Every structure is written in C-alpha cells, then in structure tokens.
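Structure assessment
As a plain string of letters, each chain reads:
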2 protein chains.
Amino acid sequence: MTRGTGRGKTPAAPRSVDVAQVAGVSQKTVSRVLNGERYVSEDVRRRVLDAAEQLGYRLNSAARALASGRTRTIGVVALGTALYGPASLLIGVERAARDAGYALSVVNTLEGDPGGVGGAVQSLLERGVDGIVVSEPIDEGAVPLASEVPVLALGAPAGAGTPASAIAAGVDSVELARAATEHLLDLGHRTVHHLAGPQKWFAARDRQAGWRAALTAHDREQPAVVEGDWSAASGYEGGRRLAGRSDLTAVFAANDDMAVGLIRFLTEAGLRVPEDVSVVGFDDIPLAAYVLPPLTTVRQPFDDVAREGLRLLVHAIENPDAEPPAPQSQPVELVVRASTAPPASRSTPVRTRQASPNPDGEAHSPPAV
Amino acid sequence: MTRGTGRGKTPAAPRSVDVAQVAGVSQKTVSRVLNGERYVSEDVRRRVLDAAEQLGYRLNSAARALASGRTRTIGVVALGTALYGPASLLIGVERAARDAGYALSVVNTLEGDPGGVGGAVQSLLERGVDGIVVSEPIDEGAVPLASEVPVLALGAPAGAGTPASAIAAGVDSVELARAATEHLLDLGHRTVHHLAGPQKWFAARDRQAGWRAALTAHDREQPAVVEGDWSAASGYEGGRRLAGRSDLTAVFAANDDMAVGLIRFLTEAGLRVPEDVSVVGFDDIPLAAYVLPPLTTVRQPFDDVAREGLRLLVHAIENPDAEPPAPQSQPVELVVRASTAPPASRSTPVRTRQASPNPDGEAHSPPAV
DNA sequence: ATGAAAGCGCTAACAA
DNA sequence: TTGTTAGCGCTTTCAT
C-alpha cells in the first residue's frame, strides 16, 4: 500500500514524521509536543509547532487511539426525543465534554425498543469510548450499565436500578417536586392533585414521590394519580380525567408540556386558571413565561446537572482508582407566575363552555382567549 | 508493551487473531466474515461467528479506522440550542446515520463564536469523520465548508454561501412561508405583517422571502419587518412594536415560539386573537395545538429532511465520483387551527387592558384567559 | 475460497 | 532533554 504519493488528486496528508523531518527532530519529539508532555525545550516546541502549521498537519486520532488505547471520546445514550429536558441535557453534556477535551458520540434509543440501551452501550464500546453517559434513563428491568468503562446515569437516582459501578447525577427531583407541591399548599389549597409522567421514567417517579412527600408531611389527602406521557396531548387527556373531581383546586403536573395541555382542557371545560384551579408545571421551558396564563413552574438547572455529571465521569475516567469527588447539589428554584393563586378566589364561574371534542381545534371555532 | 496477559484485573480483550485461532482459520478470514465480504464458505462463516460470540469478541474500530482510512462516523456541527427545530433535525440525523451504519460525532458551536463552524469542522476532520453535517447553518461571512470530506448543509439553500462541493438539503422554506402568508390573504386580510427570525439564519431569510413573495404576487403593501431572535421573549417584544400599527390584522411569525410571545403581548394589549389579529406560526411545535388559542402554523417535516439529507451525504461518501441522486422535495403542510380568522370579525373590542410591564407575569395578576 | 506478509500513524517503554 | 525500537489490531495487497 503506497501512500498516494503519486500524482493522484489528494496529495496524502502529512504525518508526524513529516513534521519531525521539517522541524529537524525525531518523531517522538513531535508526539511529545503535541501531547503537551514535559521535557521539551521551548525552542524545539516552537520549531515543531511551526512545522506542523506550515505543513497543515492534523493529528490522526485513529492511530492515537490504537496506540494509546484511549479515544478521548465519551459516548452518550439518549432517548431521541426533542423534549426540552433531554435536549437541554444533551447540549450541556456536549459543552462540558468539549471543555474537558472529549468528543461526543451519540446514540439514540427508540423508547420501547427492547434491549435498546444495552445495544447502544455495546456499539459505543465497540467505538472505544472512554466513558458513557446514559441520559434520562428509564427503568426497563435490568439496565446493563455494567461495562469496562465508567458510566454516568444522568437523571437516575443513585442506587436505584443502577449498578454500583455507575455514577449517578441529577437534580434532586424529589425536593423540587416537594417544593412545587408545597407552594400550592402554602397558597391555601386543601390538597394537590398530580398529573404524573410515565412511571418507567425515574424522573417521573421522583416527582411523584416529592408530591406525595409534601402531602404526607402536611397530612393531606392523596388523590389518585393521573398518568400522562409528558406530551401536551396527554395533559389534555389528563384534564378530562381530573376535571370532574369535586375537590380539584390545585394540580401539580410533572412537566410543563402536560401542564399546558391540562390548562387547555380546563379552560375549555369552563374552569379558569388560576381562579378555579391552580396549576404548577415542571422544567421551566422557554415558553412557560409566555403561555396564557404564564406558568408557575420549577426550574431544572440542566446545564449545571450536565456539567456536574460530566465532572464526575471525567474524574472516573482519568483517575480509575481514586475516590469520586463529592457531588454538588443543585439549587431549587420555584418560579412563581400567574397559573397559581389562593383557592379562595373561587367566585362565580364566568363562562361555561363544553370542552371541544378535538384537541387540535382544527375548526375555526372562536378561540378560548 | 505486553498485552496485559499477566494476572491484572482486566483479562485483555480478545482480538481477531484469537477468534481466528479458535475457529481454526486465518486472521484474514475472520476479517472477511466480519466485513461481509464475498467468497467465504457458509461453513467457515459459521465457525468464525461462533468463535467470536464464544470469546465475546468486539471489533476494535480504531484499528479498523487506521488500516482502512475510514471511520464510519459522520460528524455533526450543530448550534447547541434546545430549539425544537434544530433538536428535531439532530434526532433525525442520528436515526438516519445509524440506519446507514454510521456513528455520529457531535460538536456544538456557540452562536456568535467567531470561527465556530470552522473550528468545529477542523476538530471533526481530526477525528477522521467520513462526512460532515452542518445543521441549520448561519451566514457569518465565509463559511469554511470546503474540506476533504463531503459536507451536507442542512437547512441552507443550495448555492447560497455554500461552496459547490457542499450538498444542500432542507425544506423549501420559501414555499412554506408563502403558503402561510397566502392563507392569511385568502382569509381576506389586506396585508400581512412579518415577525422575522434573525437574518443571519438562512432559515429566517427564506421565510421572509416567502412572505414577501406572497405579498408581491398579490400586489399588497409590504409593511416593515420586525426582527426577533426566535425566542418567545423576542416575540413579545416584537408585539410591542407591531401593536401600534393601524393596519395590523394579520401577522406571520417566523416560528411558533415567537408567535406565542406575540400572542401574549397582543392579548395583554387588549387585542384578541384571532378576532382582532390573526397569527400564523412556523414549525408546528408539539405545544402549538395546546396553547391558547391553538396556533395555526406550518409543519416542517424535520425527520424527512434529515433522512433525505443523509441519503445524499452517504451517497457522496460511498460513491465519491458518481452524480448525486436527485433530491426529493418535501410536502408543504399548513395546519389551520384557531389563531387565524377572517378580518371581518373585528367587532367591538371587548377588553382594553394595558400590556403588563413584566413579560414574566410574576405577579398574581388575573390571567388573560 | 483462503492465507501470508506488510503497514496504517501514532504512543509506550527504554535508552542515551 | 531527546531518540530508538516495538508494537496497538486491523485491512490491504498479493499469493495460492
């Protein structure tokens, strides 16, 4: 195999030997400079860098990976959803990885795909990643997170379903959910209903647990939970199930999208938000402040979570033996807007309109503003 | 360097030679089987696969990449935003790449980072990617898309600013925007105002061009464009600038988020949507059907776009010389919901309320429902 | 249809 | 502080 030195179209990319030759040093020295190792004179360093620049040299990371056994790549197993939470986490992970000098290889698992996570992890290992991030894992029986590289479970509670070898990081969703629920209780509501996320998500369970904890702490009744799938559509449907309850004055929805769907249903059913029913969401999506009414919600510091998780992962990669550094907890931030109010303001219903049968409102019916 | 055969913790991963030995064939034959090459007897194939399974063999893709010069990896340069459009495109790209047998390496560029795209492309080339996708490129002077591998500009119009070597794919945003605008004209509005996206985005320019084309075709007046930054917040601000116009009965917003912010402002300003002002968005985000009023918008087939773009890219990677296959165009889909209506219905203003000074509505003001 | 040998471009160990 | 020598685990010629 001749390196296309002939007059082919591509003039063969320069290698580190070429740089070495131009700089008048050995190839190993070039390697030293490129890796920032110690014991290189400033003079030599300059010459090497100049030569590299002059030749337009670019490191071949496949060769480096083969020789070193490391790829400086972190694999991410994500869910392949454009939901605000997962998407934000992915962005945070990418940024943190890049800052730490790692590239990112992303594999999505279709939800419901059996063995999806396992297969994704396998393909990443084949790719030689140095570490793996499983973002927003869902609990589908045994998750095969055990592997020869460190694994970060982003959004899973430590211990729950994850093997001890895995690192866990995330916000304390339980605490956030509790804060959301208590906000409603503080406003004077007797109890708070819950529109939950799909229970195979750890995130959904945590939020439900936080809601339950708040009610328990205040010794309130715990209404039956209605479960959605995170979508606004399911929030709308959830509204249909909740609207009939006689003690419905406050709802904690497990995410903002469902809260929006819920509000739409309640509004169409003639219930005013927040006069008749208060609603709290979760996430603080960018639209939350601009829907009508502006949504009271709980902010998730996705960027901080991703950054913190990656710090732990990179530490585990680069110090295989050392104790993991102490995780830092993230601050709770409740954002109070206009979708919550004291229950007292239940006066006379203003409008009474039937909920439209088609949630899309494709028809030109007068809008509910 | 001894392959950790000593009694270290890790028992050294099996290599293809090991598989060959177990199967009783040469190492090259193992390679043949693994790559699905022809001329391997069914018997040998079986033996090799069994041996591989038995040993728990996993291909070392760094070695493969070094030897073959190909990584079977596609690099993606994305914008690092959780906006629905870019996020959806990324998901589509990942799926399509995986289906085609390619892994994905993702690099985000912070918007406003000078030379961001260039640097990202460099790092991907260093990583040895076989092709590059630049998602939702923005026009910041010369985009250095020229490179030794095929580049797909996803969301850029063919030709505009992209070198000839690049492949372009995307929806025909101009056509979609024209359709949105014509929907409003068809309803009887004399003209349509435009809340545009940031003009350095190709997507924003295309939508504006489509809007202008529709007005020109119908010989209508073209009101001054108000520019936002895609966010609901900027839509709200845009509303402040638009609300004073005397002929404001219809607005085409360049994306759904801005439309939502705009509607919020108009509502607070005492203008009803759609009775006083009709609003059309762009994207059809999942929430579009559930905000109040449900948003008339134009659907972008992100998944189709990504799939089609990747088809072209993979073709270019695997057939460097061949002509590119003909791109398929995507269907226009206008989703009519409740935020648009004929202008005639302008009757008597019902409420007249000042726009609140704080867009977040943190106060417990009665909601605008 | 299968095998032998060479080498991809780098880093790791050991010298000097 | 710098250089020498071996591989890393595959794919690629070229034989057979």
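Computed from a predicted structure; not experimentally measured.

One way to put it is that helix α4 (residues 61-68) of chain A packs onto helix α4 (residues 61-68) of chain B with a least axis distance of 8 Å and a crossing angle of 135 degrees. Taken together, the axis directions place α4 of chain A and α4 of chain B in an arrangement best described as oblique. In the crossing of α4 of chain A with α4 of chain B, the sense of the turn from one axis to the other is left-handed. Of the residues in α4 of chain B, those in contact with A62, A63, A65 and L66 of chain A of α4 of chain A are A62, A63, A65 and L66 of chain B.

Next up on the list: unusual backbone geometry. Residue and element names in this part refer to chain A. Of note, the amide linkage connecting V273 to P274 takes the cis form, showing an omega dihedral of 10 degrees. Within the element layout of this structure, P274 appears in the loop between α10 (256-268) and β9 (278-280). The backbone phi angle of D283 is positive, close to 130 degrees, even though this residue is not glycine. Along the chain, the position of D283 falls in the loop between β9 and β10 (297-299). Overall, D283 belongs to the buried group, its relative accessible area being 7%. Even without glycine at this site, D284 takes up a positive phi of about 60 degrees.

Mapped onto the secondary structure, S61 of chain A falls in helix α4. Of the polar contacts made by the side chain of S61 of chain A, one reaches the backbone oxygen of E126 of chain B; its length is 2.9 Å. Excluding residues within four positions of it along the chain, S61 of chain A makes contact with E126 and R127 of chain B.

Residues given the UniProt feature "domain: HTH lacI-type" (unreviewed entry) here are residues 14-68 of chain A. With 69% helix and 0% strand, the stretch residues 14-68 of chain A has end C-alpha atoms that lie 20 Å from each other.

Conventions used here
- Residues numbered from 1 in each chain as written.
- Chains lettered and ligands numbered in written order.
- Predicted model: local features only at pLDDT ≥ 70, side-chain atom pairs only at ≥ 80, totals over all residues.
- Heavy atoms only, no water.
- Axes fitted to C-alpha atoms, helices over the stretch in contact; angles between N-to-C directions.
- Helix = DSSP H or I, 4+ residues; strand = E, 2+ residues; numbered from the N terminus.
- Parallel < 35°, antiparallel > 145°, perpendicular 65-115°, else oblique.
- Left-handed = near helix turned anticlockwise from the far one by under 90°.
- Contact = heavy atoms within 4.5 Å.
- Buried < 20%, exposed > 50% of the residue type's maximum accessible area, 1.4 Å probe, protein only.
- Polar contact = N/O pair within 3.5 Å; in protein donor to acceptor, adjacent residues only side chain to side chain.
- UniProt positions renumbered as here; feature names shortened; annotations may be inferred.

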